[in-house]
Amino acid sequence: MSRKKLLYFAYCVNMLSSRMECCVDKSCVRKGLGKLEGHVLMFGSYNKVWQGCLPTIVPVKDKSAVVWGALWQVEQCLQPKLDTLQGVASRIYEPIEVDISALRAKGGTFKAISYRLIPEPPVPELYKGKPKMRFRPSKLYLEEMQEGAEESCLPIYYRRYLKTISHNGYTGSVLPDLRTEEEPMY
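The following refers to the structure shown. (Residues numbered from 1 in each chain as written. Predicted model: local features only at pLDDT ≥ 70, side-chain atom pairs only at ≥ 80, totals over all residues. Heavy atoms only, no water.)

Describing the packing of aromatic side chains
As enumerated under the stated definition, the model contains five aromatic pairs in all. For the ring pair phenylalanine 9 and tyrosine 11, a centre distance of 6.3 Å and an interplane angle of 35° mean the geometry is tilted. For the pair phenylalanine 9 and tyrosine 11, one class covers both residues: buried. Plain terms: the ring middles of tyrosine 158 and tyrosine 161 are 5.5 Å apart, the flat faces sit at 45° to each other, and that makes the pair tilted. Within this pair, tyrosine 158 and its partner tyrosine 161 are both found in helix H4 (residues 156-163), separated by three residues, close to a single helical turn. An aromatic cluster is present here, built from Tyr157, Tyr158 and Tyr161 joined pairwise through their rings. (Phe/Tyr/Trp six-rings, centres within 6.5 Å; stacked < 30°, edge-to-face > 60°. Buried < 20%, exposed > 50% of the residue type's maximum accessible area, 1.4 Å probe, protein only. Helix = DSSP H or I, 4+ residues; strand = E, 2+ residues; numbered from the N terminus.)

Here's the deal with the pattern of salt bridges
One pass over the structure, following the stated rule, counts nine salt bridges. One salt bridge connects glutamate 75 with arginine 3, and the closest N-O pair in it is separated by 3.0 Å. Here the residue glutamate 75 occupies a position in strand E5 (residues 66-75), and arginine 3 occupies one in the segment before strand E1 (5-10), the gap between them amounting to 72 residues. Note on arginine 3: relative accessible area 52%, which makes it exposed. Among the salt bridges present, the one from lysine 111 reaches aspartate 99, with a minimum N-O distance of 2.6 Å. In this pair, lysine 111 sits in strand E7 (residues 110-117) while aspartate 99 sits in strand E6 (residues 93-102), placing the two residues twelve residues apart along the sequence. (Salt bridge = Lys/Arg side-chain N within 4 Å of Asp/Glu carboxyl O.)

Regarding the pairing of strand E3 (residues 39-47)
Counted residue by residue, E3 has seven buried out of nine residues, so it is predominantly covered. In this structure, E3 lies alongside strand E4 (residues 52-59), joined through seven bridges in antiparallel fashion. Paired with leucine 41 across the bridge in E4 is isoleucine 57. Taken together, E3 and the strand that follows it, E4, pair antiparallel across an intervening segment of four residues, in which glutamine 51 is found at a positive phi of about 55°. (Pairing = 2+ DSSP bridges.)

Structure (structure tokens):
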């Protein structure tokens with residue numbers, strides 16, 4: 001019996017195969033890259049685990065604006081695990097359906113799931129054609145995102161764009177504190 005699959009568009013640290021295999025399941029398969037047209041990448045809500053602001057996708061009127069990301073094939077039964085990873089129950093992100101163009105597709109678009117921050121940040125003012133960055137991710141988050149873009153073979157111009165994003169300088173640990181209240185801190 002074959003399991004139902006869904007496509008997941010990852011534009012953040014979930015572009016990394018190590019993150020998808022570790023945090024979702026080893027059965028996740030990268031299917032290539034995808035392009036979300038008419039959207040921009042922004043950073044919104046501050047997150048204690050990552051010590052910086054998290055990314056989101058925001059629709060804009062400019063249809064030439066795009067967000068690139070990795071396309072993952074995920075067993076449909078694993079969507080709750082993906083939702084947990086994205087903090088859906090905590091109302092950090094919400095799942096959405098997006099229309100994606102793929103480089104290897106024979107024209108047109110197809111549906112995939114992705115996630116966006118709650119609440120959605122305001123559409124930024126533009127300065128020299130780029131959105132102003134009111135919020136910044138941690139250096140660690142941004143570096144993992146850039147590594148995911150490299151691993152996913154996103155277009156070079158987009159990888160260069162990701163390297164222009166300013167970070168907040170935080171370089172410490174981003175691992176959650178897994179101790180119980182009774183355990184000592186050492």
